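Survey of secondary and tertiary structure
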Amino acid sequence: SANEQLLKAFLAVADDFELAEKSFKDKNDKDLEGFFLIYNKFKKTLDQAGVKIMEVKSGSTFDADLHEAITQIPADESLKGKVVDVVENGYLLIDKVIRHAKVVVGS
């Protein structure tokens, strides 16, 4: 955990990579091969340092220890108090939260 601050700074870069990846319509385009090589190497490096993305899905129970509710929206009974959408991924360093997942919660 000595490098925790440095690893936290890299999370912004991970977010940018994810946004760029989502913007590509054809992920099999040969021109993007270099991008994906760098992105995969970056993810592997974070993984080797012990950084993991939190697995948060729509419908999972809201947990204040892992999630940060940025807003609430009206939802049916099955989604009250549950995650409706993930706005920003959360990350763990080994088992310690280094960034809470920013989520939308049903009310």
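Heads up: the structure comes first, above all this text.
Residues numbered from 1 in each chain as written. Predicted model: local features only at pLDDT ≥ 70, side-chain atom pairs only at ≥ 80, totals over all residues. Heavy atoms only, no water.

Together, Leu6, Phe10 and Val13 line one region of the surface with nonpolar side chains, adding up to about 230 Å² of accessible area. Take Phe10: it is sitting in helix H1 (residues 4–23). (Patch = residues over 30% accessible without salt bridge, like charges linked within 9 Å, V, L, I, M, F, W, Y side chains within 5 Å. Areas by Shrake-Rupley, 256 points an atom, 1.4 Å probe, with all protein chains shown as cover. Salt bridge = Lys/Arg side-chain N within 4 Å of Asp/Glu carboxyl O. Helix = DSSP H or I, 4+ residues; strand = E, 2+ residues; numbered from the N terminus.)

Attention now moves to the nonpolar core. In terms of nonpolar packing, the biggest core is built from 14 residues, with Leu46, Val51, Tyr91 and Ile98 touching the most fellow members. Elements represented by at least two residues in this core include exactly H1, helix H2 (33–48) and strand S4 (91–93). Beyond its immediate stretch of four places on either side in the chain, Tyr91 contacts Leu11, Ala14, Asp15, Glu18, Val51, Lys52, Ile53, Met54, Lys96, Val97, Ile98 and Arg99. Listed in part, the seven residues of the second largest apolar core include Leu92, Ala101, Val103 and Val105. (Core = buried A, V, L, I, M, F, W, Y, C linked by side-chain atoms within 4.5 Å. Buried < 20%, exposed > 50% of the residue type's maximum accessible area, 1.4 Å probe, protein only. Contact = heavy atoms within 4.5 Å.)

Moving on, we come to the sheet that holds strand S6 (residues 101–106). Spatially, three strands are ordered S2-S6-S3 in an open sheet, and the strand pairing comes out mixed. Single-partner strands in this sheet number two, and they are strand S2 (67–73) and strand S3 (83–88). In this sheet, neighbouring strand axes are inclined to one another by 30° on average, regardless of whether the strands run parallel or antiparallel. Pairing between S2 and S6: six bridges, direction parallel. Its bridge partner lying in S6, Ala69 is registered against Val103. (Pairing = 2+ DSSP bridges. Axes fitted to C-alpha atoms, helices over the stretch in contact; angles between N-to-C directions.)

Inspection of every chain in the model, using the stated rule, returns eight aromatic pairs. Residues Phe17 and Phe35 carry aromatic rings whose centres are separated by 5.5 Å and whose planes lie at 50° to one another, so their mutual orientation is tilted. With a gap of 18 residues between them, Phe17 in helix H1 and Phe35 in helix H2 connect regions that are remote in the sequence. In this structure, Phe17 and Phe35 share a single accessibility class: buried. Aromatic pair Phe17 and Phe42: ring centres 5.5 Å apart, planes at 40°, arrangement tilted. Of this pair, Phe17 sits in helix H1 while Phe42 sits in helix H2, and the two are 25 residues apart along the sequence. Phe17 sits in the buried class, given a relative accessible area of 15%. Among the aromatic residues, those joined into a ring-pair cluster are Phe10, Phe17, Phe24, Phe35, Phe36, Tyr39 and Phe42. Lys43 extends its terminal NZ or CZ atom over the ring of Tyr39, reaching a point 4.5 Å from the ring centre. (Phe/Tyr/Trp six-rings, centres within 6.5 Å; stacked < 30°, edge-to-face > 60°. Lys NZ or Arg CZ within 6 Å of the ring centre and 35° of its normal.)

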